Amino acid sequence: MELVERFLGYVIFDTQSSETSGTHPSSPGQLVLARTLAEELRGLGARDVFVSEGGYVYATIPASADQADIPALGFLAHMDTSPDASGAQVKPRRVVYQGGVLVLGTSGRALDPKVFPELDRLVGKELIVTDGTTLLGADDKIGLAVLVTLAEKLLAPDAPAHREIRLCFTPDEEIGEGTDGFDPVRFGASAAFTVDGGPVDEVENANFNAASAKIVFRGVSVHPGSAKNVMVNALKLAAAFVAQLPASEAPETTEGREGFFHPHALEGSVSEATLQILVRDHDAAKFAARKAFLARHVDILNQTVGAGTAQLTLKDQYVNMEDRLARVPELVAMAERAVRTVGLEPKLVAIRGGTDGARLTEMGIPCPNLGTGGRNYHGECEYAIVEEIEQAFRIVLELAKPTCPPGA
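From a predicted model like this one, the values you see are computed outputs, not experimental measurements. In this numbering scheme, every chain counts its residues from 1 along its sequence in written order. At least 70 in pLDDT is required for a residue's local features to be given in this predicted model, at least 80 for side-chain atom pairs to be given and counted, and no such filter applies to totals for whole chains, interfaces and linings, which use all residues. Only hydrogens and water are set aside when side-chain values are computed; all heavy atoms of the structure are taken into account.

S.K.: What's the story with the environment of R163 in this structure? I'm lost.
M.R.: Counting from the N terminus, the helices are DSSP H or I runs at least four residues long and the strands are E runs at least two residues long. Assignment of secondary structure puts R163 in the loop between α3 (138-154) and β8 (165-170). Any pair of N or O atoms that falls within 3.5 Å is considered a polar contact. Within protein, one atom must be able to donate a hydrogen and the other to accept it, and sequence-neighbouring residues count only if both atoms are side-chain atoms. A distance of 3.3 Å separates a polar side-chain atom of R163 from the backbone oxygen of P71.

Written out as structure tokens, the structure reads:
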């Protein structure tokens, strides 16, 4: 199957993950896609294809006959899409971008170079866009398509010489649970790459340290007519807490290696409200200071309003992989070499987010991240560049060659 058509076939699966379902995987569509991918891999001739109860897909592409002594290399992509925008009934469209404002269906949304300046450099390129009512699913169904197409290429009778390849497709990456059920023994590779980035000239070798903070505010609810000196409004407590967060340390006011607090969900009533905050920083000391900042202000609130007014739960999600990857510099170097084979100059990037690769690196499987050609992830203005999707495949194919050694 043609690479882009394979990707378009995957986006019709609604695999939006859920932070509240409590199931693993967190949404049923992910398991449907997992079984579909496994059946496709079996049909292509992959070995040891397995779908775990939690929705993880594993498969092996055997090495060429004379390459069995070369260490296996792993690749990962994730099946879920972000909770931030609908992934149901995605309607992708291929279009050659002519410049200017590209209207996305009748949704009222558009790709506008004034908002997305990169579009000015994409005139004449073929893009895949949505109708503006859903996200596209480039994150990370391009990664899935690239890796299944890799399997198809390497399992064909005329396959090029290649090392053994181990694949894993994970659920729930978007909610920070992509490796919670990961089995490193079944995966069987000591070094790997995630295929889950943006521009294909980027090799992501660093990421945020990340934590989620949940603060439950408990108020006192009485009739508004007799509320004086009695009512304590939990929603107002939450709003006041958000107002204490430094305005200059938010996603919309930071870039590069600058960290932030990101209040992203608030729900409740006068009597109780729950605030969700993402905590991010590349620097470990600053990351610890951010968590301490939240704990300190919760303590102050409990001292001034009353004990038990606010309860903080902090959960570490992933850590910066930069220091660990520095111990295997050849792994990043091989990715840089592979990018150059498609005519691009690689850029080492500290991603403003995290991937399954960060978690795997922490577990002892060094795992930099590769680009896929998608843009504007997690929203209705998500799009992908066809040329970069094809380059992403060529980069991964280059990494599979025995002349590209996996790490030190």
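S.K.: I keep staring at unusual backbone geometry and nothing clicks. Help me out?
M.R.: What is expected of a backbone is that most residues other than glycine have negative phi and most peptide bonds are trans. Of the consecutive residues H24 and P25, the connecting peptide bond is found in the cis state with omega at 0°. Locating P25 in the fold gives a position in the loop between α1 (3-10) and α2 (28-44). That bond from D139 to D140 is cis: its omega, 15°, falls within 30 degrees of zero. For D140, the position within the fold is in helix α3. Located in the positive-phi region is D172, a residue other than glycine, with phi close to 60°. Unusually for a residue other than glycine, N229 sits at a positive phi of about 65°. By the element assignment, N229 lies in the loop between β11 (209-218) and α5 (234-244). In this structure N229 comes out as exposed when scored by relative accessible area, which is 77%. Residue burial is assigned from relative accessible area. The probe radius is 1.4 Å, only protein chains are included, and a residue is buried under 20% of its type maximum, exposed over 50%, and partly exposed in between.

S.K.: Could you clarify how one ought to interpret the pairing of strand β3 (residues 73-78) in this entry?
M.R.: Moving residue by residue along a regular strand, the side chains alternate between the two faces of the sheet. For β3, the tally of buried residues reaches 6 of 6 residues, placing the bulk of the element in the interior. Where burial is concerned, the two faces of β3 agree: the one with L73, F75 and A77 and the one with G74, L76 and H78 are both buried. By the bridge criterion, 6 bridges tie β3 to β8 in an arrangement that is parallel. Looking at the pairing, G74 lines up with R166 of β8. Each pair of strands is called paired provided DSSP finds at least two bridges between the two strands.

S.K.: Just to check I follow, could you spell out the sheet that holds β8 for this structure?
M.R.: Two modes of strand pairing occur in sheets, parallel and antiparallel, and in both the strands are linked by backbone hydrogen bonds. Read across the open sheet, the 8 strands follow the order β1-β2-β8-β3-β9-β16-β10-β15; overall the sheet is mixed. Each end of this open sheet is capped by a strand with a single partner; those strands are β1 (47-51) and β15 (347-351). Direction aside, neighbouring strands of the sheet carry axes that sit 25° apart on average. Angles here are taken between N-to-C directions and fall from 0 to 180 degrees, while the axes themselves are lines fitted to C-alpha atoms, restricted in helices to the stretch in contact.

S.K.: How should the nonpolar core be read in this particular structure?
M.R.: A general tendency of soluble globular proteins is for nonpolar side chains to be buried together. Buried Ala, Val, Leu, Ile, Met, Phe, Trp, Tyr and Cys residues that are joined via side-chain atoms within 4.5 Å together make up what is termed a nonpolar core. Ranked by internal contacts, the top residues of the largest apolar core, which has 63 residues, are L41, F75, L147, L150, L167 and F169. Per-element tally for this core: the top contributor is α3, with 10 residues. Here a residue-residue contact requires only that any non-hydrogen atoms of the pair lie within 4.5 Å. In this view, L147 contacts F75, L76, A77, L167, F169, V195 and V396; residues no more than four positions away in its chain are not counted. Grouped together as the second largest cluster of nonpolar side chains are 20 residues, F241, F261, I277 and V298 included.

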